[in-house]
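Spelled out from the first residue to the last, the chains are:
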Amino acid sequence: MKTITLAATLAVGFAAHTAQAADKMNDLEIAHTAYTAGQIDIRYAHLALAVSDNAEVRAFAETMIRDHTAVNVAAGDLITKLKVTPQDNDLSRTLVKGAADKRAELMSLSGKAFDCAYAQNELGYHQVVNQTVEGVFIPTVTVEPLKDLLSEALVTFKVHEGHAEQMVNGLKCG
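Note that residues are indexed from 1 along each chain, following the sequence as it is written. The model is predicted, so local features are restricted to residues of pLDDT at least 70 and side-chain atom pairs to those at 80 or more, both for listing and for counting; the totals for chains, interfaces and linings are taken over all residues. For the side-chain quantities, the full set of heavy atoms in the structure was used; hydrogens and water were omitted.

**Q** How would you summarise the overall build of the protein chain if you had to cite specific residues and measurements?
**A** Each helix and strand counted, the protein chain has six helices and zero strands in total. Every helix listed is a DSSP run of H or I at least four residues long, and every strand listed is a run of E at least two residues long, numbered separately from the N terminus. Written out in order from the N terminus, the α and β elements of the protein chain read α-α-α-α-α-α. Only heavy atoms matter for contacts: two residues are in contact if any of them lie within 4.5 Å across the pair. Intrachain contacts of the protein chain at a sequence separation of at least 6 include 83% that bridge at least 24 residues. Per-residue accessibility takes into account occlusion by the displayed protein chains alone, with areas from the Shrake-Rupley method and a 1.4 Å probe. Of the roughly 8,600 Å² of accessible surface on the protein chain, 58% is carried by carbon and sulfur atoms.

Shown next, in the form of structure tokens:
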């Protein structure tokens, strides 16, 4: 229950902060935030590989590393091509702080408790990130190649959300 509450709190805070900041974020801040979100999920996945013995959790974590790394590499290539520098911002910093707190919580768990906490966090994280990318970032971005990258990534991230939901159900996390 503590995990669900923390995930919900982080999700609500992220969503509220995103909605509040959306009109003020420029493309470079959105790019930074999207990249940061991907890096956070990669770190969660590495933690899952270090802690979990569950084959489904480990396979999901490997998928997160592969897919989020690929998107972040594409983002890096785009930034290089456009000759711009992403801008750190309040939302990126909020994500990093929330992720540090969540990682500390996850690191204190093991076995099924860890697996369920990781799976529930991945589900909540992808739900919020997907809503933000689709409802805020894509409509706000003005640079077409960045909009295209976010749109393509969203397709993959929605698959991740479905996979995370199946993982939560399969683990019977209740």
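**Q** Please give an account of the nonpolar core that cites residues and values.
**A** Tyr118, Val133, Phe137, Leu150, Met167 and Leu171 are the most contacted members of the largest nonpolar core, which totals 44 residues. Those elements giving two or more residues to this core turn out to be α2 (27-51), α3 (55-82), α4 (90-107), α5 (111-140) and α6 (144-171). For this core, the element with the most residues is α5, which contributes twelve residues. Put simply, a nonpolar core is a bunch of buried Ala, Val, Leu, Ile, Met, Phe, Trp, Tyr and Cys residues held in one set by side-chain atoms that sit within 4.5 Å of each other. Exposure categories follow from relative accessible area, calculated using a 1.4 Å probe and restricted to protein chains: below 20% of the type maximum is buried, above 50% is exposed, and the middle band is partly exposed.

**Q** Got a sec to walk through the pattern of salt bridges? Specific residues and values, please.
**A** Think of it this way: side chains of opposite charge can pair up when their charged atoms draw near. A pairing counts as a salt bridge when a side-chain nitrogen of Lys or Arg comes within 4 Å of a carboxyl oxygen of Asp or Glu. Under the counting rule described, the total for this entry stands at six salt bridges. The residue Arg93 makes a salt bridge to Asp90 at a minimum N-O spacing of 2.7 Å. One end of the pair is Arg93 and the other is Asp90, both in helix α4 and three residues apart, which spans about a single turn. Under the relative-accessibility criterion, Asp90 is labelled partly exposed at 47%.

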